[in-house]
Structure formats: structure tokens, C-alpha cells
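For reference, the chains in residue letters:
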Amino acid sequence: MNLLTLFRRRPSAPVARERLQVLLAHDRGVVGGSDLIAVLQEEILAVIAKHVALDRDKVQIKLDRGDPVSTLEIDVEVPSLARPRERGLATARP
Amino acid sequence: MAQVVVVTSGKGGVGKTTSTASLGAALAQSGENVVVVDFDVGLRNLDLVMGAERRVVFDLVNVVQGDAKLAQALIRDKRLENLSLLPASQTRDKDALTSEGVERIIGELRERFDWILCDSPAGIERGATLAMRHADQAVVVTNAEVSSVRDSDRIIGLLDSKTEKAEKGGRIDKHLLLTRYDAARASRGEMLKVDDVLEILSIPLLGIIPESQDVLRASNLGAPVTLASPNSAPARAYIEAARRLKGEQIQIILPAAEPRGFLGKLFGRRAVA
């Protein structure tokens, strides 16, 4: 580490600060029982399960928590009687 | 055959999580198929050091309790496709882990990966003993400082008695990873020397990781130091340690004390720690 690299590099602490803010907002939500993403995930799956037999092992859930936008992707195999299997994709943006 | 490695220390704050992330990434960078597993239930941090904290859906406890399949809980690294993370739960406590559940998951991980690195929680309680239980090898992370060395000695005792391998009459391979090493302070006699620690603990040395601001920068950015600054001194030390873990014979070179500059002399300490 010399002076040149010291000047060239952007400071990393602001990145750390932003990451912690997003993370802690979520952690506190979980402890307070108000994790919106987790609630959405459960309710979306419950709605689908009302209409089709849902195999929880075949549900793929991808999550990216962010500020101001989080994305929740739920990839479900929806069995169909008339046609071959379709894949439904639900994306929630709270 | 898959290798299960526990990264442990007894004492907290010595660099277990940093070392798990860095060794895991270094092994993956050399082409191995690697998973890093966070056993610190209730106080997880490996996700943060790996930069995957926004993507956690399910965790180790969910898989142990059968609420999620292993494949649903594994998070693949965005930079290295052959590196995965199994996060710990943040909301539960370590009693949520059962011995049978952990054994089953380690068994499933053995079928999918070449290397399974288990990041142990600090202490010698249930979480730490579960993390070491099924290990083939142990990396004992130690600082050159009296309480860390004492705690490492205690952990070595547990590795020789509480692991499955030990109970079956075998011996677990133990390696010493000396972290946060400050060669200048050691040369001034302010810090235990490498030889002192090796003589006291008498297990083979895996590597010496120098104290460096590159490690802090990497954790700020959410990337193992071997990915964030691959040419830095700590990254090179971790990459060599990973090669030794794979069985390569590489000579360990003692980090030399950097000469103190004018400013360092003026203020009685090094300008860049």
C-alpha cells in the first residue's frame, strides 16, 4: 500500500454504512414481526396453494433486499390439466 | 473425497469469519467446488463478509428443521459460481440446531461439494461443538496474544475429544492459522513471535496473515480479501494457506517488519497500520 493507491481507491466505509443501514432495517423488522417481504412470500404461496397442489420443494425463491426497492421472485411450477407444465413468475416490489 | 474443515478459535474477534470467507474464496478461485457454512446461529456475519446479506431467504436452521430443502437455502456467490454460502439463522438461537440435523446436512453437502468450510461461533458451547463435530480437519485461528493462544489450546483439546473422528479413535488434522500478525510489533518484542506460538500450541502452521487495512476494506465492501484485493499481502497469505490445505508443500516466509517511516517515528507508531 503506497500513497498512490491510497488516493486512487474510493473509501470503503460509505459502502459499509449503506450496507448496514439496509441490513439493520430488515433485521429490526424481523424482530418486530413486520418483515414485509417474508409476509408477502408466505401469502403469495398460500394464494397459489389455494388453487393448485403446491410442491414446496419445487418453489424457487430469489430475494434481493435493497433501498428503496427490494425484489422478491417466486418461481412456481403450476401443473396444468389441459397443457404441459407452465411456469408462473410472481415479482413483488413493495 | 469431500473435506469438511472447521474454522475455529475459542476466542471471538480473532478472524474466524474473515478466514472462512477468504480460504473458501481462495479454494474456489483455484477451481474447487466450495461451500462456506455459518454456524453462528443468532449472530450470523458470514453473509455480510461474503456480501450476500441481501439475498438470504432460508438458513441452516430452516434446513435442519425441514422447513426448506438444502438447495433452496444455498446462496451461490455472484463472483464465483463454484462458491456457495449456507447462512445461519439470525432470529433463532443455537439450541435450534440438532446433532442429527447437522449430521444429515453435512452428509448432503459432502455429496455436492469438494470442500465444506464450517465457520464456528466463538466459545466452547453447543454451537462450537456442533460446528466441529463432523470435521475431517480443523483450522485453528489464533492471534499472537496470550488470551487467544490459551483459548486455542482449549479448542485443540476439544478437537481431540469431542469430534466424531476423535470418538472413533482417529485424529483430526489440525492447522494453525496465525492472523492479524504485526511483524513490526513482534520484532520489537511487543507481540508473541511465531515460534513462541508454535512451540506452545505444537500444531503445524498453515499460514501467517499480516494485520492489514485491506482486510477491513474487503469486509466493508462485502468481498473476501482474496477477491477484493487479490494482490495484497493478506490475500496472498490466504491463497498460499488454501494451497497448503490442499496438501501442497509451500515454504512459509515470515512477514518482514516494514521499516518505520519518518511520520511513524515522529508519532511513535506506524503511519499505516
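Please refer to the structure placed before this passage.
All values derive from a computational prediction rather than experimental measurement.

*Asks:* Please clarify how the environment of B:L201 should be interpreted in this entry.
*Replies:* Residues and elements named next belong to chain B. Summarising the element assignment, L201 is placed in helix 10 (residues 194-201). For L201, a relative accessible area of 4% gives the class buried. Sequence-wise, L201 and R154 are 47 residues apart; in three dimensions their C-alpha atoms are separated by 9.9 Å. Not counting chain neighbours up to four residues away, the residues in contact with L201 comprise T142, V149, S152, D153, I156 and L176.

*Asks:* What is the right way to read the packing of helix 7 (residues 146-159) of chain B against helix 10 of chain B from this model?
*Replies:* All names here are of chain B. One can describe the packing of helix 7 onto helix 10 by two numbers: an axis separation of 10 Å at closest approach and a directional angle of 30°. Classed by the angle they form, the pair helix 7 and helix 10 counts as roughly parallel. Helix 7 and helix 10 meet at a crossing whose hand is right-handed. Between helix 7 and helix 10, the contacting residues are V149, S152, D153 and I156 on the first element and V197, I200 and L201 on the second. Within the contact of helix 7 with helix 10, the residues separate by chemical class into 5 nonpolar, 1 polar and 1 charged.

*Asks:* What am I meant to see in the pairing of strand 6 (residues 137-142) of chain B here?
*Replies:* Side-chain positions along a regular strand alternate between the two faces of the sheet. Residues and elements named next belong to chain B. Among the 6 residues in strand 6, 6 count as buried, and that is most of the element. In strand 6, alternate side chains face the same way, and those of Q137, V139 and V141 on one face and A138, V140 and T142 on the other are all buried. Bridge analysis of strand 1 (residues 3-8) against strand 6 gives 4 bridges, and the strand direction is parallel. Each bridged residue has a counterpart across the sheet, and for V6 the counterpart in strand 6 is A138. As defined by bridge partners, strand 6 adjoins strand 7 (residues 173-181) across 6 bridges and the pair is classed as parallel. Note that in strand 7 the partner of V141 across the bridge is L177.

*Asks:* Can you help me understand the environment of B:S30 in this one?
*Replies:* Residues and elements named next belong to chain B. Along the chain, S30 falls in the loop between helix 1 (16-29) and strand 2 (34-38). Measuring from C-alpha to C-alpha, the distance between S30 and R243 comes to 8.5 Å, with 213 residues separating the pair along the chain. Among the polar contacts made by the side chain of S30, one reaches the main-chain carbonyl oxygen of L27 at a distance of 2.8 Å. In terms of polar contacts, S30 uses its side chain to reach the side chain of K246, at 2.9 Å.

Criteria and thresholds
Residues numbered from 1 in each chain as written. Chains lettered and ligands numbered in written order. Predicted model: local features only at pLDDT ≥ 70, side-chain atom pairs only at ≥ 80, totals over all residues. Heavy atoms only, no water. Helix = DSSP H or I, 4+ residues; strand = E, 2+ residues; numbered from the N terminus. Buried < 20%, exposed > 50% of the residue type's maximum accessible area, 1.4 Å probe, protein only. Contact = heavy atoms within 4.5 Å. Axes fitted to C-alpha atoms, helices over the stretch in contact; angles between N-to-C directions. Parallel < 35°, antiparallel > 145°, perpendicular 65-115°, else oblique. Left-handed = near helix turned anticlockwise from the far one by under 90°. Nonpolar A, V, L, I, M, F, W, Y, C, P; charged D, E, K, R; others polar. Pairing = 2+ DSSP bridges. Polar contact = N/O pair within 3.5 Å; in protein donor to acceptor, adjacent residues only side chain to side chain.

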